[in-house]
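What follows is each chain in one-letter form.
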Amino acid sequence: MVVQYKCPNCGADMRFDATTGLLKCDACGNTMKIEDMPHIETEDESDGKEDAPEVNPFGEEDIKDEGGAANEIPSDPNSGEAHFTEADAENTVVYKCKNCGAEVVTTKDTAATVCSFCGAPVVIGERVTGALQPKYVIPFKITKQEAQEKFKKWCGHGLITPRGFMNGDRIKNITGLYVPYWLYDVNSKGYADATCTRVKTYTRGNYRYTETSYFHVYRGFNMQYAKVPVDASERMNDELMDKAEPYNYADIKDFNAPYLAGYLAEKYDYKAEDLANRLNAKVSKYVNEFVAKQFTGYHSVRYNSRNIDNVRQNEYYAMLPVWMVSYDYKNNEHMFIMNAQTGKVVGKPPISKAKTVAWFLGTSGIAFAIMRLLTMILT
């Protein structure tokens with residue numbers, strides 16, 4: 001079922017406003033609190049009152065040839081339109097926009113989108129209710145205009161990126177997206193057993209002595225991690241999503257569908273148990289960093305044995321916001337991700353070979369000058 005939030009004053013569409021944290025009507029400026037909006041009825045609650053989605057927009061006859069075998073839908077090769085296969089049709093669900101009656105084409109994972117004809121925000125009710133309803137959401141805090149400005153500023157900080165890229169004026173598209181995440185509560189228990197050394201050097205008479213003391217050091221730990229995030233989207237780059245963290249949980253809210261109005265959103269591709277390996281790797285990294293800090297004050301640390309046992313206690317389905325930035329540079333499209341709460345940008349910008357060489361020669365020259373100065377002082 002299609003859910004569109006209407007302004008009670010003028011009947012126009014309302015969308016979530018990142019600046020105020022309210023639903024806002026672009027037509028008359030009216031605002032409403034998210035909590036004041038009616039909740040989405042589940043299928044049981046609606047008792048079939050909502051229209052069912054139209055599955056397979058191409059029609060059964062369009063994906064079958066005369067012999068009844070699956071076939072590609074023909075298209076004009078000069079039109080630039082893609083060929084759709086039976087697999088594409090099976091993955092596609094079409095809804096009707098309640099504003100203009102146009103078809104809203106979605107994938108089976110789409111949770112929120114906009115009507116491509118009239119631009120109305122659309123939430124797909126059955127994708128955010130029942131078992132698919134998130135527990136939490138972190139709302140957008142950075143507007144599209146602010147995201148563009150922050151991205152341009154980020155481009156300008158590239159020390160070895162091409163000059164044309166640094167202008168930040170080649171943004172092709174910028175899209176607000178709620179990414180599905182699982183947030184985990186994890187208990188980590190374990191120990192680290194190590195041999196550590198402290199080294200002392202001193203001079204007596206004409207001799208210089210080095211004294212090494214050895215210590216057997218044992219550290220046990222029992223730590224609790226709350227809401228460790230792991231993205232559950234198959235399409236998002238896991239490495240970039242990890243780098244876009246952290247999110248500030250001070251802004252986390254109980255999920256309510258109006259937060260999605262005006263943005264794109266997808267339901268999860270992976271269940272909580274499917275991400276056990278990624279979760280364990282992430283938590284183990286946290287634990288290793290903590291353990292390393294427990295052995296400070298020594299000149300060397302050699303681990304004799306170490307053990308980490310991570311136990312998943314709770315998991316929560318959540319939607320976290322990003323801005324997807326598509327940037328054109330020299331006939332190539334570069335994709336970047338911006339944390340839509342903190343403004344942190346991650347991605348791989350192009351590298352200028354000339355700037356890289358100049359930077360290397362510059363740093364090498366500085367290092368050489370410092371070494372020469374130290375040699376003169378010491379001699």
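**Q** Just to check I follow, could you spell out the overall build of the protein for this structure?
**A** From N to C terminus, the protein includes 7 helices and 17 strands. The buried share of the protein, reckoned over its 379 residues, is 40%. For the protein, contacts bridging at least 24 residues in sequence account for 70% of all contacts bridging at least 6. Of the roughly 21,800 Å² of accessible surface on the protein, a fraction of 50% belongs to carbon and sulfur atoms.

**Q** Explanation requested: the sheet that holds strand S4 (residues 31–32) in the structure shown.
**A** Each strand in a sheet pairs with its neighbour through backbone hydrogen bonds, running either in the same direction (parallel) or in the opposite one (antiparallel). One open sheet holds the 3 strands; their spatial order is S2-S3-S4, and the pairing between them is antiparallel. Each having just a single partner strand, strand S2 (14–17) and S4 make up the two edges of the open sheet. Here 2 bridges tie strand S3 (residues 22–25) to S4, and the two strands are oriented antiparallel to one another. In the sheet register, Lys24 faces S4, and the bridge partner there is Thr31.

**Q** Any chance you could explain the pairing of strand S12 (residues 207–231) here in plain terms?
**A** Along any regular strand, the residues point their side chains to alternate faces of the sheet. Examined bridge by bridge, strand S11 (residues 171–204) and S12 share 23 bridges and lie antiparallel to one another. Bridge assignment links Thr203 to a residue of S12, and that residue is Arg208. Hairpin connection between S11 and S12: a loop of 2 residues separates the two successive antiparallel strands, and Gly205 in this loop has a positive phi of roughly 65°.

**Q** Please explain the environment of Glu35 as it appears in this structure.
**A** Its place among the elements puts Glu35 in the loop between S4 and helix H1 (43–46). Between the C-alpha atoms of Glu35 and Leu23, which are 12 residues apart in sequence, the distance is 10.0 Å. Here Glu35 is in contact with Asn256 and Tyr259, once residues within four sequence places are set aside.

**Q** Is there a simple way to think about the environment of Thr175 in this case?
**A** Mapped onto the elements, Thr175 comes out in strand S11. For the pair Thr175 and Trp323, spaced 148 residues apart in the sequence, the C-alpha separation amounts to 5.5 Å. Within the structure, Thr175 has its side chain in polar contact with the side chain of Asn173 (distance 3.2 Å).

**Q** So what exactly am I meant to see when it comes to unusual backbone geometry here?
**A** With the exception of glycine, the majority of residues adopt a negative phi angle, and the majority of peptide bonds are in the trans configuration. For the bond running from Glu245 to Pro246, omega is 10°, close enough to zero to count as cis. Considering the arrangement of structural elements, one finds Pro246 in the loop between helix H5 (238–243) and strand S13 (253–254). Even without being glycine, Lys227 reaches a positive phi, approximately 55°. Secondary-structure assignment places Lys227 in strand S12.

**Q** Just checking my understanding: could you explain the packing of aromatic side chains for this structure?
**A** Two aromatic rings are characterised by how far apart their centres lie and by the angle between their planes. Tallied over the entire structure, the rule returns 20 aromatic pairs. Ring geometry for Phe295 and Tyr303: centres 5.6 Å apart, planes at 85°, overall edge-to-face. Judged by relative accessible area, which is 3%, Phe295 ranks as buried. For Tyr303, a relative accessible area of 29% translates into the label partly exposed. Taken together, the ring pairs connect Phe140, Tyr178, Tyr263 and Trp323 into an aromatic cluster. Of note, Arg219 hangs over the ring of Phe295, and the distance from its end group to the ring centre comes to 5.6 Å. Directly above the aromatic system of Tyr316 lies the positively charged group of Lys227, at a separation of 5.3 Å from the ring centroid.

**Q** Got a minute to help me understand helix H6 (residues 276–293) in this structure?
**A** For an α-helix, 3.6 residues make a turn, and residues three or four places apart therefore share a direction. Helix length check: H6 (18 residues) gives 26 Å between terminal C-alpha atoms against 26 Å at 1.5 Å per residue, within 8%. Those residues of H6 not exposed but buried are Leu279, Lys282, Val283, Ser284, Val287 and Val291.

Reading the values: rules and limits
- Residues numbered from 1 in each chain as written.
- Predicted model: local features only at pLDDT ≥ 70, side-chain atom pairs only at ≥ 80, totals over all residues.
- Heavy atoms only, no water.
- Helix = DSSP H or I, 4+ residues; strand = E, 2+ residues; numbered from the N terminus.
- Buried < 20%, exposed > 50% of the residue type's maximum accessible area, 1.4 Å probe, protein only.
- Contact = heavy atoms within 4.5 Å.
- Areas by Shrake-Rupley, 256 points an atom, 1.4 Å probe, with all protein chains shown as cover.
- Pairing = 2+ DSSP bridges.
- Polar contact = N/O pair within 3.5 Å; in protein donor to acceptor, adjacent residues only side chain to side chain.
- Phe/Tyr/Trp six-rings, centres within 6.5 Å; stacked < 30°, edge-to-face > 60°.
- Lys NZ or Arg CZ within 6 Å of the ring centre and 35° of its normal.
- Expected span 1.5 Å × (residues − 1).

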